[in-house]
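Architecture at a glance
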Amino acid sequence: MSCIKDHLIQKYIDGEASSNEVLFVEGHITHCERCAAKIEHQRKLSNRVKREINLLSVPQAQIPEFVIVRGPRKHFISTGRIVYYAAAACLLLFIIVFYHTREEEKINEVTMISDYASDVDANRPVSQQELSIYIIDQHGNYAEYFVQ
Amino acid sequence: MSRFEEIYAENYKTIFCLAKKIVGNQDTVSDIVQEVFIDFYEMLNRGNEIHYPGRWLYRATTNKCIDNLRKQKKFQGLQSLKDKEAELSDKEDRAAMINLALSKLEPREKILAVLYSEGLSYKEIAAATGIKFSSVGKMLSRTLKKIENEFTKQRYELY
């Protein structure tokens, strides 16, 4: 029968072994003095290390008052962010100017559309074709003229 | 008394002792404990529900201590460790010896040993350190062996 592994010995002495593992360990040490001695050694070592480590803690008599000190927040804007904002502002400015100009063009614009009133007769000169002209002024007024 | 104040009063000493065993330096310990409680306070302020504040504080403290130990290791030269060792052997101070033995361990092993000395169960140790529950026993027996070897090396009578 194989001997008990170190990690199982540790679990056993810490009371973390399962019931099957406990049965195995306790059955084994009845006939294996070497493992019984290892368990005893590991138990002493564990207790000693715990005790020694606990020497390091100094009981803190007083609990300090919990205070969160918050200074005034600094608004730091990075250079990259400044460039980004400037680009966005330029784009916005361009859009506003462009649309404003287009609006002005629309106001002063008079649209004239010419069309032939009937089918074009290829055997007649242009001056004798029936031509219709549509004029839309800046106020949206619509006028239609026929030229013969 | 607010919920935070209650938890602060209940857990301050435990958390302070835990950090003291791991880190050692009183000033650093005070800073670590304060940082832990500030984080906890802000978590509560943001409306996060913490069902097991004790466990949360243990975990946060061990993580901060691990960070601190790693930083210390980074800046601590081999020579300075040897000097410290020589100085301590002269004093024959038990607390100093265990402190020295612990300083030879990996941060995670050190935390494990300290939590074990606090009397935590394997389940609690696993929750506080993030070590797998099934690996706690194995890692613990290995860590205790290392401490024993360190004691032997320093001709320290363990029994």
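Quick note: structure is the one above.
So, here's what we can say about the structure. (Residues numbered from 1 in each chain as written. Chains lettered and ligands numbered in written order. Predicted model: local features only at pLDDT ≥ 70, side-chain atom pairs only at ≥ 80, totals over all residues. Heavy atoms only, no water.)

Describing the overall build of chain A
- Regarding its fold elements, chain A presents four helices and three strands.
- Listed N to C, the secondary structure of chain A is α-α-α-α-β-β-β in terms of helices and strands.
- Every one of the 148 residues in chain A was classed for burial, and the buried ones make up 17%.
- Pairs at least 24 apart in sequence give 35% of the contacts found in chain A among residues at least 6 apart.
- Of the roughly 11,800 Å² of accessible surface on chain A, a fraction of 57% belongs to carbon and sulfur atoms. (Helix = DSSP H or I, 4+ residues; strand = E, 2+ residues; numbered from the N terminus. Buried < 20%, exposed > 50% of the residue type's maximum accessible area, 1.4 Å probe, protein only. Contact = heavy atoms within 4.5 Å. Areas by Shrake-Rupley, 256 points an atom, 1.4 Å probe, with all protein chains shown as cover.)

Some thoughts on the overall build of chain B
- Within chain B, the regular secondary structure consists of eight helices and zero strands.
- Starting at the N terminus, the α and β elements of chain B follow one another as α-α-α-α-α-α-α-α.
- Counting every position in chain B, which comprises 159 residues, the buried fraction comes to 47%.
- Of all intrachain contacts in chain B linking residues separated by at least 6 positions in sequence, the fraction that spans at least 24 positions is 63%.
- Carbon and sulfur atoms form 47% of the exposed surface of chain B, whose accessible area is close to 8,600 Å².

Structural notes on the packing of helix α7 (residues 122-129) of chain B against helix α8 (residues 136-153) of chain B
All names here are of chain B.
- The N-to-C vectors of α7 and α8 enclose an angle of 90°; their axes lie 10 Å apart at closest approach. Here α7 is positioned roughly perpendicular relative to α8, judged by the angle of their axes. Mapping the contact onto sequence places Tyr122, Ile125 and Ala126 in α7 and Val136, Gly137 and Leu140 in α8. (Axes fitted to C-alpha atoms, helices over the stretch in contact; angles between N-to-C directions. Parallel < 35°, antiparallel > 145°, perpendicular 65-115°, else oblique.)

A look at the nonpolar core
- Ile22, Val33, Phe37, Leu102, Leu115 and Ile147 of chain B are the most contacted members of the largest nonpolar core, which has 52 residues in total.
- For this core, the elements supplying multiple residues, two or more each, are α3 (33-54) of chain A together with α1 (3-23), α2 (26-45), α3 (53-75), α5 (94-103), α6 (107-117), α7 and α8 of chain B.
- Looking at this core, the element that brings in the most residues is α1 of chain B, giving ten residues.
- Setting aside anything within four residues of it in sequence, one finds Ile147 of chain B in contact with Val49 of chain A together with Ile98, Ala101, Leu102, Leu105 and Ala113 of chain B.
- Among the nonpolar cores identified, the runner-up in size contains ten residues, and Ile4, Leu8, Ile9 and Ile13 of chain A belong to it. (Core = buried A, V, L, I, M, F, W, Y, C linked by side-chain atoms within 4.5 Å.)

So, the packing of aromatic side chains
Residue and element names in this part refer to chain A.
- Summed over all chains, the structure comprises 13 aromatic pairs over all chains.
- Relative to Tyr85, the ring of Tyr84 lies with its centre 6.1 Å away and its plane at 55°, an arrangement referred to as tilted.
- Given a relative accessible area of 58%, Tyr84 falls into the exposed group.
- Judged by relative accessible area, which is 45%, Tyr85 ranks as partly exposed. (Phe/Tyr/Trp six-rings, centres within 6.5 Å; stacked < 30°, edge-to-face > 60°.)

Points about the pattern of salt bridges
All names here are of chain B.
- Using the criterion set out here, one finds eleven salt bridges over all chains in the structure.
- Here Glu35 ties to Lys64 by a salt bridge, and the two come within 3.7 Å at their closest N and O atoms. Placement of the pair is Glu35 in helix α2 and Lys64 in helix α3, with a sequence separation of 29 residues.
- A salt bridge links Glu148 to Lys145, with the shortest nitrogen-to-oxygen separation between them at 3.6 Å. (Salt bridge = Lys/Arg side-chain N within 4 Å of Asp/Glu carboxyl O.)

Regarding the packing of α6 of chain B against α8 of chain B
Residue and element names in this part refer to chain B.
- Contact geometry for α6 and α8: axes closest at 10 Å, N-to-C directions at 95°. It follows from the interaxial angle that α6 and α8 lie roughly perpendicular. Of the residues in α8, those touching α6 at Arg108, Glu109, Leu112, Ala113 and Tyr116 are Val136, Met139, Leu140, Thr143, Leu144, Lys146 and Ile147.
- For the contact of α6 with α8, the class distribution of residues is eight nonpolar, one polar and three charged. (Nonpolar A, V, L, I, M, F, W, Y, C, P; charged D, E, K, R; others polar.)

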